[in-house]
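Inside the fold
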Amino acid sequence: MRHLISAEDVSRELFYEIYNLSCRVKKALREGRKKFSVLRGKCVVNLFFEPSTRTRSSFEKAGKFLSADVINITASASSVKKGETLIDTLKNLDMMHPDVVVLRHPCEGAPYTVSKFIRASIVNAGDGRHQHPTQALLDAVTLVEHFGTLEGKRITIIGDIANSRVARSDAILFRKLGAEVFVFGPSTMMPRFPEAIGVKRLSSFEEVAEVSDAVILLRIQLERQDAKKVFPSLKEYAELFGMNKKRLSMLKPETVILHPGPFNRGVELNNDVVNSDRSLIFSQVETGLAVRMVILSLLCGRKEKLKEEIA
Ligand code: CP
């Protein structure tokens with residue numbers, strides 16, 4: 001793997017390789033292992049032009065656990081503020097010989113574009129509404145760990161689908177792994193052509209409850225629309241589409257709930273859902289660290305070293 005730009009870059013075979021390694025890394029971390037020498041001598045740059053808690057800190061932790069040198073740069077503290085372009089920023093950073101650049105950017109296609117100008121591998125850590133492939137990987141690993149397979153599973157994504165890079169990436173990867181993917185939410189937040197990402201639209205909670213083995217909740221991406229014109233309002237959204245105790249009880253007993261975070265309590269879900277034993281939300285975060293350790297190892301050509309160290 002040269003870069004990880006899109007969920008399209010992940011074949012079924014590659015997914016299962018990442019899955020198997022991630023489960024073993026997660027076990028090692030749970031056993032208290034905090035230092036591996038897999039990426040000694042390698043350098044990872046985290047370059048974030050949008051806010052992040054989970055993705056940024058887990059890539060930082062992943063690099064440090066693997067003994068890489070890790071450089072963190074945020075847009076507000078970079079020379080982009082002085083007018084430097086993204087491509088020039090990347091070309092300059094590339095001269096410092098990083099092995100991987102993890103890039104989050106509000107513009108769709110930015111990671112793909114810069115990948116053509118630099119020697120380092122690029123990981124897309126989220127580009128606008130387009131893609132968030134490591135989120136899709138960690139969501140899929142979480143679900144395969146839970147169910148054993150995604151073959152024949154039915155997964156419904158609820159919320160602001162049109163503005164969500166997570167929905168797009170998840171749909172691509174889940175379908176590749178044999179799942180059927182549905183979407184549900186306000187018409188104003190639905191993609192114009194759901195079939196373009198291979199998902200089917202549901203029209204009621206009753207339908208969601210009937211079909212879903214897993215439900216992924218999304219927040220409303222206020223930063224990607226005119227917040228003053230968002231319809232329905234957050235209050236209305238909570239009433240009409242928010243997951244709560246009553247709606248949770250409508251789902252099949254074995255249906256699980258996921259959320260990529262950050263979640264807004266009282267909008268797309270409430271405390272009953274966060275605290276429910278059907279929630280895999282915090283488990284997703286733990287899995288995310290392991291998945292990102294595997295991704296960095298693969299991109300740096302250190303798969304065999306990782307295997308040795310987690311044997
Ligand atoms: N899920 C996700 O990308 O979270 P952050 O924005 O905190 O990285």
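Parameters and conventions
- Residues numbered from 1 in each chain as written.
- Predicted model: local features only at pLDDT ≥ 70, side-chain atom pairs only at ≥ 80, totals over all residues.
- UniProt positions renumbered as here; feature names shortened; annotations may be inferred.
- Domains from an automatic or database assignment.
- Helix = DSSP H or I, 4+ residues; strand = E, 2+ residues; numbered from the N terminus.
- Nonpolar A, V, L, I, M, F, W, Y, C, P; charged D, E, K, R; others polar.
- Pairing = 2+ DSSP bridges.
- Contact = placed C-beta atoms within 7 Å.
- Axes fitted to C-alpha atoms, helices over the stretch in contact; angles between N-to-C directions.
- Buried ≥ 20, exposed ≤ 12 C-beta atoms within 10 Å, placed from the backbone.

An unreviewed UniProt entry annotates the protein as Aspartate carbamoyltransferase of Phorcysia thermohydrogeniphila. Comment text from UniProt for the protein, heading Pathway (unreviewed entry), reads "Pyrimidine metabolism; UMP biosynthesis via de novo pathway; (S)-dihydroorotate from bicarbonate: step 2/3." Its UniProt record, at the heading Catalytic activity (unreviewed entry), says of the protein: "carbamoyl phosphate + L-aspartate = N-carbamoyl-L-aspartate + phosphate + H(+)".

Some remarks on the domain arrangement of the protein
Its domain assignment divides the protein into domain 1 (7-131 + 285-310) and domain 2 (133-284). If you average the C-alpha positions of domain 1 and of domain 2, the two centres end up 25 Å apart. When contributions to the side of domain 1 that touches domain 2 are tallied by element, the ones reaching two or more residues are α1 (12-30), α2 (54-65), β4 (121-127) and α11 (281-299). When residues of the side of domain 1 that touches domain 2 are assigned to their parent elements, the largest contribution, seven residues, is made by α11. Taken together, the residues of the side of domain 1 that touches domain 2 break down into 11 nonpolar, 10 polar and eight charged.

Points about the sheet that holds strand β9 (residues 256-258)
Read across the sheet, five strands follow the order β7-β6-β5-β8-β9 without closing on themselves; strand pairing throughout is parallel. Because the sheet does not close on itself, it has two edges, and the strands there are β7 (200-201) and β9. Here strand β5 (residues 154-158) runs beside strand β8 (residues 214-217); their pairing, made up of four bridges, is parallel. Bridge pairing links Ile 158 to Leu 217 in β8. In this fold helix α6 (residues 165-176) packs onto β5, β6 (180-184) and β8, with an angle of close to 155° to the strand it touches most, β6.

Comments concerning the pairing of β5
The element β5 is largely enclosed, with a buried count of four among its five residues. Sheet topology places β5 next to β6; five bridges connect them, and they run parallel. Opposite Arg 154, over in β6, you have Glu 180 as the bridge partner.

Details of the UniProt feature "domain: Aspartate/ornithine carbamoyltransferase Asp/Orn-binding" (unreviewed entry) in the protein
In the numbering adopted here, UniProt assigns the feature "domain: Aspartate/ornithine carbamoyltransferase Asp/Orn-binding" (unreviewed entry) to residues 151-298. When the span residues 151-298 is considered, its composition is 37% helix and 13% strand, and the gap between its end C-alpha atoms is 25 Å.

Examining the UniProt feature "domain: Aspartate/ornithine carbamoyltransferase carbamoyl-P binding" (unreviewed entry) in the protein
When the UniProt feature table is mapped to this numbering, "domain: Aspartate/ornithine carbamoyltransferase carbamoyl-P binding" (unreviewed entry) covers residues 2-145. Regarding residues 2-145, the helix share stands at 41% and the strand share at 17%, and the terminal C-alpha atoms are separated by 26 Å.

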